[in-house]
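Chain residues, written in single-letter form:
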Amino acid sequence: MSSYQAPIVLIRLALNQAAEIAGARALPGYDDVLTDLAEPILENASRFAGEVLSPLNPVGDRTPSRCEAHGVVTPPGFAAAYRRFCADGWVSLAAPTEHGGQGLPTLISAAVTEMWGGANLSFAMCPELTLGALGAMKVHAPADLVDTYAQHIASGEWATAMCLTEPQAGSDLSTVRTRAERDGEAWRLFGRKVYISWGDHDLTDNIVHFVLARTPDAPPGVKGISLFLVPKKIPGADGALTKNDIDAVSVEHKMGIRASPTCVMVLGEQGGARGWLVGKLHDGLGCMFTMMNHMRLGVGLHSLGLAERSLQLARDYARERLQGRDASGTQRAIIEHADVRRMLLLMKSLTQAARGLAYTAAATLDVAHSSKDPSQRAAATRRADLLTPVVKAWCSDIAVEVASLGVQVHGGMGFVDDAEISQVYRDSRIGPIFEGTNYIQAQDLVGRKVVRDNGRALGELLAEIEKAAGATAPGDAAHSLSPLQSGILDGCAKLRQAAAELVERSAQDHQLIGATAYNFLQWLAILAGGWQLAVSATRARAELDVNKARAVVDVAAFYGAHVLPRASTHEAIVRHGAEAIEEVATADL
Ligand SMILES: Cc1cc2nc3c(=O)[nH]c(=O)nc-3n(C[C@H](O)[C@H](O)[C@H](O)COP(=O)(O)OP(=O)(O)OC[C@H]3O[C@@H](n4cnc5c(N)ncnc54)[C@H](O)[C@@H]3O)c2cc1C
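Values in this document were obtained by computation on a predicted structure and should not be read as measured data.

Caption draft 1: Just the overall build of the protein chain, in detail. From N to C terminus, the protein chain includes 16 helices and 14 strands. A compact globule built from 589 residues should have a C-alpha radius of gyration of about 25 Å, and the protein chain, at 24 Å, falls within 12% of that. The principal-axis extent of the C-alpha atoms belonging to the protein chain is close to 80 × 60 × 55 Å. Per-residue burial over the protein chain gives 57% buried out of 589 residues. In the protein chain, once contacts between residues fewer than 6 apart in sequence are set aside, the share between residues at least 24 apart is 76%.

Caption draft 2: Quick look at the site of the ligand. Near the ligand, the surroundings consist of 18 residues, among which M162, T165, S171, Y195 and T437 are the closest. Between S197 and the ligand, the recorded distance is 2.8 Å, taken from a side-chain N or O atom to a nitrogen atom. Residue T437 places a side-chain N or O atom 2.8 Å away from an oxygen atom belonging to the ligand. When the ligand is considered free in solution it has 960 Å² of accessible area, and contact with the protein chains removes 63% of it. Listing elements by their share of the shell around the ligand, those giving two or more residues are β3 (158-163) and β5 (186-197). Among the elements that line the shell around the ligand, the one with the most residues is β5, at three residues.

Caption draft 3: The nonpolar core, seen in detail. Counting 180 residues, the largest nonpolar core has L107, M115, W116, Y359, W394, F520 and Y559 as the members making the most contacts within it. By residue number, the principal contributor to this core is helix α14 (residues 512-543), which donates 17 residues. Every residue in contact with Y559, bar those within four places of it in the chain, is listed here: S349, L350, A353, W394, L484, A525, I526, G529, G530, L533, L564 and P565. Counting residues in each nonpolar core, the second largest holds 19 residues, with V72, F228, V230 and V251 among its members.

Caption draft 4: Region of the structure containing helix α2 (residues 30-62). Its 33 residues give α2 an end-to-end C-alpha distance of only 42 Å, which falls more than 12% under 48 Å, the value for a rise of 1.5 Å per residue. When the local axis directions of α2 are compared, the greatest deviation, roughly 55°, occurs at L37, which is followed within four positions by the proline P40.

Caption draft 5: Local environment of the pairing of strand β13 (residues 322-325). Pairing geometry for β13 and strand β14 (residues 331-333), over two bridges, is antiparallel. Residue pairing in the sheet places R325 in a bridge with Q331 of β14. If you look at the hairpin formed by β13 and β14, you'll find five residues sitting between the two strands, and G329 has a positive phi there, around 90°.

Caption draft 6: View of the pattern of salt bridges. Within the structure shown, the criterion is met by 33 salt bridges. Residue R456 pairs with E460 through a salt bridge whose shortest N-O separation is 3.5 Å. A residue pair is termed a helical-turn pair when its members lie 3 or 4 positions apart in one helix, as R456 and E460 do in helix α12 (residues 456-470) at four residues. Note on E460: relative accessible area 29%, which makes it partly exposed. Residues participating in the shared-partner salt-bridge network are E20, R25, D31, R539 and E543.

Reading guide: rules and limits
Residues numbered from 1 in each chain as written. Predicted model: local features only at pLDDT ≥ 70, side-chain atom pairs only at ≥ 80, totals over all residues. Heavy atoms only, no water. Helix = DSSP H or I, 4+ residues; strand = E, 2+ residues; numbered from the N terminus. Rg over C-alpha atoms; globule rule 2.2 N^0.38 Å. Buried < 20%, exposed > 50% of the residue type's maximum accessible area, 1.4 Å probe, protein only. Contact = heavy atoms within 4.5 Å. Near = heavy atom within 4 Å. Polar contact = N/O pair within 3.5 Å; in protein donor to acceptor, adjacent residues only side chain to side chain. Areas by Shrake-Rupley, 256 points an atom, 1.4 Å probe, with all protein chains shown as cover. Core = buried A, V, L, I, M, F, W, Y, C linked by side-chain atoms within 4.5 Å. Expected span 1.5 Å × (residues − 1). Bend = angle between axes of the 7 residues up to and from the residue. Pairing = 2+ DSSP bridges. Salt bridge = Lys/Arg side-chain N within 4 Å of Asp/Glu carboxyl O.

This is how it looks when you write it as structure tokens:
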């Protein structure tokens, strides 16, 4: 079975395009990184992903992480791979320089994050938590905590985990019950967290948990939740580590990402887990959102990697599998059948569109963080806020669709455990569920980013999409991009109108956002994906050789014919679908 291979040419094209669209090239040093450093980083990351992480992927599926009396044991090879991952500087790639990180742009980190996810999602989730934690610490943690922990975290020496969910508190975190009681300068925590990814393991000596908990005087609901840093082992002044009162008591048996230990964590069985406040008291959810936003982009990028991996596996299989004959009676590889080509093109066009969108969000974050111009920073922040839920939800949805198509291309072989595509399909299914289900993303998009914003950020994005689509050169007559171009222009006008109606009607109809948000997000994502491919088609002609450019244009044209028409379905549902839900009583379901 072939290993994961990063699609460097397409990644490079998407990196340049994203930097251009986001206006990131003008940031200090950015262009130098893209010109001089990107190539060797991508080559080395591709090698690590293909040679180290990818071969471990099926091992982790067959030998899941397990909980033993002394803690969680990861599959064979994972700990050694993690040590190499840290030593080669992959954990610290985008970590802040003040903590010993390399401080490279989010955009570069996005490309390698895609590779880690495509090669081995279970493994990739562990270091991804690190960057999110550092981001939250940078903004919210007091200096002494940063001094004690950040450097160990940035190097990968200590891992991190995100402890939000409890048995009764999933999407609705207002019901978090874990208790934090004051203990001098610090706190003692008591409670039970479930589904905690990499909550315990043997990759590192220490794990720094970021835990949501409620203090005794806290107001009810989300306004009463605070964020605490709770280490597995507490570092003393001499550097010695002392065990804290937080333990994994079991690991879930799951349909996918079996190597990633999904732990039930118990805090405070022996007098209370020592914790330190991060951010302001009762503002924990806001602080945690800094970490969660990073993870949402991370889920999008990992899902994108899985979509790419599905495409690779399906394409390789379709080239070798012989079924059916041509007119002369010779057996044909299934890749020659029109319907198999349709599936592969659908997989490829969705993946490439998602890559463009996710990388654009990453480059936009770079502008939001680093531009010297406050108005550019503010506009980039608005854009990143708008795109983040779209990237998380759409990339993870299309990863499931693309992996399912990958199984279909494999026929019966795709349903057999030995085929890696079956693992990729199972692994991809978590993306739409965690880091806020995809409905929660859609609700965030429509409720907060569109309705509450009065459509401003959306209007800016649609205007930019229209401008770019209007400038798309149809190229040659045989592969016209005009369906893509006209579909985007038509769709943007309708989406703008529908958004204005939503803003107006949602004030009276409180069910409206819930009933339409999912389809609104899909509609926007499909148009934005088309935008990315339209720009790629134009740029590919200038950046790539004739054959590669031809392939990019073909994929964009395919998207215009096979994916963009889905926008009409979502439009119809956004406009008229809510009543059909309201008319059916819960009792009738
Ligand atoms: C493998 C795995 C790893 C995880 N890792 C972590 C981790 O590291 N840290 C952590 O804290 N958590 C983690 N989680 C938990 C994960 O974030 C939650 O499972 C997720 O947020 C959904 O919560 P829930 O499972 O309680 O589902 P529920 O909230 O019960 O949702 C069930 C369904 O109802 C829908 N729904 C819920 N509320 C509403 C609403 N108001 N309106 C409309 N629809 C609604 C949801 O969209 C979903 O479709 C992980 C979960 C898994 C399975």
